[in-house]
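Structural features, examined
Spelled out from the first residue to the last, the chains are:
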Amino acid sequence: MMQNPSSQGMNKEQTPNGDKKEHARRDALVNRIKSLFLHNWGMKLIAILIAIALWAGLITQDPNLLREKHFSDVPVNIIGAESLKRNGFIVLEQIEDVLGGVSMRVNVPQGNYAAAQASSYSVRVDLSRIRTTGEQELKILSTNSATYGTVTEMIPATVRLTVDEYVTRYRIPVTVVAQGEPPEGFYASDPATDPPMVTVSGPKSLVQRIVSAQVVADQSTLPAQEGLVRRALTFTLVDETGAAIQSDMLEVTSESVLVDSIIVEQTMYTKRTVELSDLSLVTGQPAEGYEIKGVYITPGIVTIAGRASSIMNLDILYLENTVSVKGLTESVTKSLRVRQPSSIKYASTDLVEVAVEIGPIITTRAYEAAVVLQGLPPMLREVGGLRTATVNLTGAQPWLDSLSASDVSLACDLSSIAEPGTYMLPITCTVKGDDGQSYTSEINPAGVVVTVISR
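Residues numbered from 1 in each chain as written. Predicted model: local features only at pLDDT ≥ 70, side-chain atom pairs only at ≥ 80, totals over all residues. Heavy atoms only, no water.

A closer look at the overall build of the protein chain
Along the protein chain, the regular secondary structure elements total 7 helices and 33 strands. A buried classification covers 33% of the 455 residues belonging to the protein chain. For the protein chain, long-range pairs separated by at least 24 residues make up 75% of all intrachain contacts whose partners lie at least 6 apart in sequence. When the accessible surface of the protein chain is totalled, it reaches about 27,600 Å², and 51% of it is carbon and sulfur. (Helix = DSSP H or I, 4+ residues; strand = E, 2+ residues; numbered from the N terminus. Buried < 20%, exposed > 50% of the residue type's maximum accessible area, 1.4 Å probe, protein only. Contact = heavy atoms within 4.5 Å. Areas by Shrake-Rupley, 256 points an atom, 1.4 Å probe, with all protein chains shown as cover.)

Here is the structure:
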């Protein structure tokens, strides 16, 4: 197709002029922008901020750019405790107390600086690394990662622990210490425990000292009514001196179940007192001249307990067996058992002392004897003649039976007379072989009339 020559000429003329206009517009725009940045400080500031933002964006995307971060009071996980026990060891300290405050320094990739936390590094102490007892030093471990960087310093870097053997003792008895008294009028049966024995696991230095799990049962808190009472009571592990052994490291179990209390069972019964009968307790007769002075039961009253419906009609109890006094000359004591009906669940004693007092029969014998006058001064003489009196001796029959008239002497002491006259003086009695004998004497008449004259 042929172009119009006139139109071709026109395009040639317009092209140079159009380019010039386009360059002029560009130069004007550039000049305006230069003027804006050279003379407008607000725009300058915006430009600086934009540059900083662009720079920050660039460095946050650089994984090779690290920044140090410091953490204090870092929580430390304790792991491997169960493995340590299975290996037969246990740490004696509370590890958290030993560690105190832990701090660390880490190099964190710039992009994750804000997101990095102490927990990102899994700071821990692994107890399963322990292989022996005594003082052990364990390293405080941490985990590094590409995301959160590397731990460069841990303060402290290690922890020092004391390790003991982990042992288990079986069949440690449960004992009950009863304190106080049950409500008035009631008796509480001996406590029964569930479980009766426990298993204790923990440090050997503690476990080997334990002799029992002790429960203190306050009897005053029991109900004032008959029937079975079940209470869950706390217990204390004690040594042979009764001193408590307490530690969070001790684990008490029964049939593999943790135990934190002991079930104590007691039965409440009605209580009352009854007398003991002394009927037909003594058989036989003492030796000739001796008799039974008395029968004494100690204690004479017994406290019993049982169901009220069964014991309220019991007013007296009897003893088993008897005391023989056949041919005895001395008192005798014997222990006899109290006969208890099946309705009695408790008696304050099942043995009593029965004392039979045996002594000689006390009787009186009369003896007549001459009164011997003694001690009259030489310058005087008595003129009344022979005198006699009767003496009644009261004492043990066997001793009196052994005496004869010649064993009894009566006398009157005249040594107090200084001049002639008539005097009334007392008579004294002397019995041969009366050492150790308890007796009384009555003389009739009690005295004699004596007349004396000068020689």
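Things to note about the pairing of strand β4 (residues 103–109)
Of all 7 residues in β4, 5 are buried, a share of seventy percent or more. Across 6 bridges, the pairing between strand β1 (residues 66–71) and β4 is antiparallel. Of the residues in β4, the one forming a bridge with F71 is M104. Direction of pairing for β4 relative to strand β7 (residues 150–155): antiparallel, over a ladder of 5 bridges. Its bridge partner lying in β7, M104 is registered against M154. (Pairing = 2+ DSSP bridges.)

Points about the layout of surface pockets
Taken as a whole, the largest pocket holds about 300 Å³ of empty space. Taken together, 15 residues line the largest pocket, and the ones lying closest to its centre are A81, K85, I90, V91 and M249. At the level of secondary structure, the elements contributing two or more residues to the lining of the largest pocket comprise α3 (81–86), β3 (89–91) and α4 (95–99). For the lining of the largest pocket, the element with the highest residue contribution is α3, accounting for 3 residues. Residue composition of the lining of the largest pocket, grouped by class: 9 nonpolar, 1 polar and 5 charged. (1 Å grid on protein atoms, 1.4 Å probe; cavity = no way out; pocket = protein on both sides within 12 Å on 5 of 7 lines; lining within 4 Å. Points joined across faces, edges and corners; volume = space filled by probe spheres on them. Nonpolar A, V, L, I, M, F, W, Y, C, P; charged D, E, K, R; others polar.)

What about the confidence of the model for the protein chain?
Looking at the protein chain as a whole, its pLDDT mean stands at 89, while 89% of the residues score no less than 70. Note on residues 1–14: pLDDT under 50 across the span, and 1 contact to partners over four residues away in sequence or across chains. (pLDDT = per-residue confidence, 0-100.)

Here we look at the packing of aromatic side chains
Scanning all chains against the criterion turns up 4 aromatic pairs. With 6.5 Å between their ring centres and 70° between their planes, Y121 and Y148 make a pair best called edge-to-face. Residue Y121 is located in the loop between β4 and β5 (124–126), and its partner Y148 is located in the loop between β6 (134–139) and β7; the two are separated by 27 residues in the primary sequence. For Y121, a relative accessible area of 0% corresponds to the buried category. On the basis of relative accessible area, Y148 is assigned to the partly exposed category, the value being 25%. Arranged with centres 5.0 Å apart and planes meeting at 40°, the rings of W399 and Y439 form a pair that is tilted. Here Y439 lies in the loop between β31 (428–431) and β32 (440–444) and W399 lies in helix α7 (residues 397–402), a separation of 40 residues in the sequence. Classification of Y439 as partly exposed rests on a relative accessible area of 23%. Three or more aromatic residues joined by ring pairs form one cluster here, namely F71, Y121 and Y148. R67 extends its terminal NZ or CZ atom over the ring of Y113, reaching a point 4.0 Å from the ring centre. Between the NZ or CZ atom of K69 and the centre of the ring of Y113, over which it lies, the distance is 4.9 Å. (Phe/Tyr/Trp six-rings, centres within 6.5 Å; stacked < 30°, edge-to-face > 60°. Lys NZ or Arg CZ within 6 Å of the ring centre and 35° of its normal.)

Points about the pairing of strand β11 (residues 197–203)
Of all 7 residues making up β11, 6 are buried, and the element is well covered by its neighbours. Taken together, the 6 bridges between strand β8 (residues 158–179) and β11 define a ladder with antiparallel strand orientation. Its bridge partner being in β11, I172 is matched across the sheet by V198. As paired strands, β11 and strand β15 (residues 251–254) are joined by 3 bridges and run antiparallel to one another. Residue pairing in the sheet places T199 in a bridge with T253 of β15.

Considering the sheet that holds β1
Spatial ordering of the open sheet is given by β1-β4-β7, a layout of 3 strands whose pairing is antiparallel. Either end of the sheet is taken by a strand with one partner, and the two such strands are β1 and β7. The sheet shows a mean angle of 20° between the axes of neighbouring strands, taken without regard to direction. (Axes fitted to C-alpha atoms, helices over the stretch in contact; angles between N-to-C directions.)

Overview of the sheet that holds strand β28 (residues 388–396)
One open sheet holds the 5 strands; their spatial order is β31-β29-β26-β28-β32, and the pairing between them is mixed. Edge positions in the sheet fall to β31 and β32, since each of these pairs with one other strand and no more. Taking each pair of neighbouring strands and ignoring which way they run, the sheet shows an average axis angle of 35°.

Let's talk about the environment of S201
Here S201 lies in strand β11. On the basis of relative accessibility, which here comes to 7%, the residue S201 falls in the buried class. S201 has contacts with Y166, V167, T168, V207, M249, L250 and E251, leaving out every residue within four places of it along the chain. A polar side-chain atom of S201 sits 2.8 Å from a polar atom in the side chain of T168. (Polar contact = N/O pair within 3.5 Å; in protein donor to acceptor, adjacent residues only side chain to side chain.)

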